[in-house]
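Fold and contact review
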Amino acid sequence: MDKVADLGRDIGDYIKQQRSNAKISLRQLSKLAGVSNPYLSQIERGLRKPSAEILQQIAKGLRISAEALYVQAGILDLPQGGPVVDAVRADTTLTERQKQVLLDVYESFRRENAASTAEDAATTEQPEPDNKE
């Protein structure tokens, strides 16, 4: 039971932090998300644990990914990544949108380099000389 309460508090703190980063009031987010002001306040204070649908509405109002809220709420597991991905996700000074853009660019570079490496390996492969002596 305490774990559920902690999850509710964690998601509430996270939503409040994202709202603060976006510089919008509780009332503004309530209107943007289509969620009542008292209910949103209860979520932020950890008194209510919102459903996935409500989280999606809040994410839309905050202009962040619903996945980020699902992870914070314990609905989804944190995606796997390496040290760069982990560092970007852990950076509290970036918005969720900025994090996602950085990760998208990073992944595109990795794919491009992997394709280039595969092409280089294919063109430099030569058959071994046949040493018949």
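A brief look at the structure comes next. This one's a predicted model, so the numbers in the text were calculated from it and none came from an experiment.

1. Examining the nonpolar core
- Formed by 20 residues in total, the largest nonpolar core has its most connected members in Ile11, Ile15, Leu29, Leu55, Ile58, Leu62 and Leu69.
- Contributions of two or more residues to this core are made by helix 1 (2-21), helix 2 (26-33), helix 3 (37-44), helix 4 (52-62) and helix 5 (66-73).
- Beyond its immediate chain neighbours, meaning those up to four positions away, Ile58 contacts Ile15, Leu29, Ala33, Val35, Leu40, Ile43 and Leu69.

2. A look at the environment of Leu103
- By secondary structure assignment, the location of Leu103 is in helix 7 (residues 96-124).
- The buried category is assigned to Leu103, whose relative accessible area is 7%.
- Setting aside residues no more than four positions away along its own chain, Leu103 makes contact with Val85, Val88 and Arg89.

3. A look at the packing of helix 6 (residues 83-90) against helix 7
- The geometry of helix 6 relative to helix 7 is characterised by a closest axis approach of 9 Å and an angle of 165° between their N-to-C directions. One element, helix 6, and the other, helix 7, form an angle in the roughly antiparallel class. As for the relative orientation of helix 6 and helix 7, their crossing is right-handed in sense. Residues Val84, Val85, Val88 and Arg89 of helix 6 lie in contact with helix 7, whose contacting residues are Lys99, Leu102, Leu103, Tyr106 and Glu107.
- Looking at the contact of helix 6 with helix 7 residue by residue, the class counts come to six nonpolar, no polar and three charged.

So, how was this worked out
- Residues numbered from 1 in each chain as written.
- Predicted model: local features only at pLDDT ≥ 70, side-chain atom pairs only at ≥ 80, totals over all residues.
- Heavy atoms only, no water.
- Core = buried A, V, L, I, M, F, W, Y, C linked by side-chain atoms within 4.5 Å.
- Buried < 20%, exposed > 50% of the residue type's maximum accessible area, 1.4 Å probe, protein only.
- Helix = DSSP H or I, 4+ residues; strand = E, 2+ residues; numbered from the N terminus.
- Contact = heavy atoms within 4.5 Å.
- Axes fitted to C-alpha atoms, helices over the stretch in contact; angles between N-to-C directions.
- Parallel < 35°, antiparallel > 145°, perpendicular 65-115°, else oblique.
- Left-handed = near helix turned anticlockwise from the far one by under 90°.
- Nonpolar A, V, L, I, M, F, W, Y, C, P; charged D, E, K, R; others polar.

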